[in-house]
Amino acid sequence: MAPKLETFGRWSTLVDEVDTGEDLRKTCAASTAFIGAGGVPGTLTLVITNGDALPPDAYPSITIAVDNKGLPAGKSIAATFGDDKGRVAAKLHSDGAVHGRLSWTVDNQAKISLALLRAMRRASVLDVSFGDAPVGSISMDGFTKAYRSLGASCGFPTADVAP
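Residues numbered from 1 in each chain as written. Predicted model: local features only at pLDDT ≥ 70, side-chain atom pairs only at ≥ 80, totals over all residues. Heavy atoms only, no water.

1. Remarks on the state of the cysteines
Covalent bonding between the sulfur atoms of two cysteines is what defines a disulfide.
Logical step 1: Per the counting criterion, the structure on display carries 1 disulfide.
Logical step 2: The residue that forms a disulfide with Cys28 is Cys154, at a sulfur-sulfur distance of 2.1 Å. Here Cys28 and Cys154 share a disulfide; its torsion about the S-S bond, 95 degrees, makes the bridge right-handed. Note that Cys28 is positioned in strand S3 (residues 24-35) and Cys154 in helix H2 (residues 143-154), a separation of 126 residues in sequence. (Disulfide = S-S within 2.5 Å. Helix = DSSP H or I, 4+ residues; strand = E, 2+ residues; numbered from the N terminus.)

2. Things to note about the packing of aromatic side chains
Logical step 1: Summed over the entire model, instances satisfying the criterion amount to 4 aromatic pairs.
Logical step 2: A centroid spacing of 5.3 Å and a plane angle of 65 degrees characterise the contact between Trp11 and Phe143, whose relative ring orientation is edge-to-face. You can see Trp11 sitting in strand S2 (residues 11-19) and its partner Phe143 sitting in helix H2, a full 132 residues away along the chain. No difference in accessibility class separates Trp11 from Phe143, as the two residues are buried.
Logical step 3: Through a chain of ring-to-ring contacts, the aromatic side chains of Trp11, Phe143, Tyr147 and Phe156 assemble into a single cluster. (Phe/Tyr/Trp six-rings, centres within 6.5 Å; stacked < 30°, edge-to-face > 60°. Buried < 20%, exposed > 50% of the residue type's maximum accessible area, 1.4 Å probe, protein only.)

3. Observations regarding the pattern of salt bridges
Logical step 1: Within the structure shown, the criterion is met by 5 salt bridges.
Logical step 2: As a salt-bridge pair, Lys4 and Glu6 come within 3.9 Å of each other at their nearest N and O atoms.
Logical step 3: Of the residues examined, Glu6 reaches a relative accessible area of 31% and is grouped as partly exposed.
Logical step 4: The residue Arg25 makes a salt bridge to Asp23 at a minimum N-O spacing of 3.6 Å. (Salt bridge = Lys/Arg side-chain N within 4 Å of Asp/Glu carboxyl O.)

4. Some words on H2
Logical step 1: Its 12 residues give H2 an end-to-end C-alpha distance of 16 Å, which sits within 8% of 16 Å, the value for a rise of 1.5 Å per residue.
Logical step 2: Among all positions in H2, only Phe143, Ala146, Tyr147, Ser149, Leu150, Gly151, Ser153 and Cys154 are buried.
Logical step 3: Among the residues trailing H2, Gly155 stands out with phi positive, at a value near 80 degrees. (Expected span 1.5 Å × (residues − 1).)

Structure below.
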């Protein structure tokens with residue numbers, strides 16, 4: 001079966017099903033593109049599978065891929081996400097390149113991930129920085145509907161993030 005794609009505002013969702021013979025594995029992702037600091041393109045993506053621990057025990061992994069070689073790389077990079085109504089501090093680690101872009105994944109601790117997802121729901125634009133380096137201001141238009149769609153597709157409650 002072909003993956004199911006939907007668009008909500010500036011966010012797109014993808015649900016891909018694979019029949020392993022033993023069960024039906026669903027991978028659910030939501031992503032938005034942005035132009036980062038210095039005019040470089042990037043993406044912010046959430047991914048979870050129905051085989052993972054699901055909310056409220058664990059939340060989708062949050063990854064940023066951006067064409068900015070000047071950003072800090074490595075393990076345990078301090079990052080800030082938020083807007084003028086509040087900020088969430090998180091640690092991230094850089095991964096290999098995704099389609100030629102460097103990528104960073106938020107260390108998936110349920111409490112931090114929940115706070116970050118709630119900030120994404122609240123903000124109209126999410127400002128992201130790694131250490132002192134600005135990454136970009138990312139539109140959250142459509143995030144709430146995209147997150148609810150992930151929950152419906154992969155079978156987890158979304159009320160704690162998007163009531």
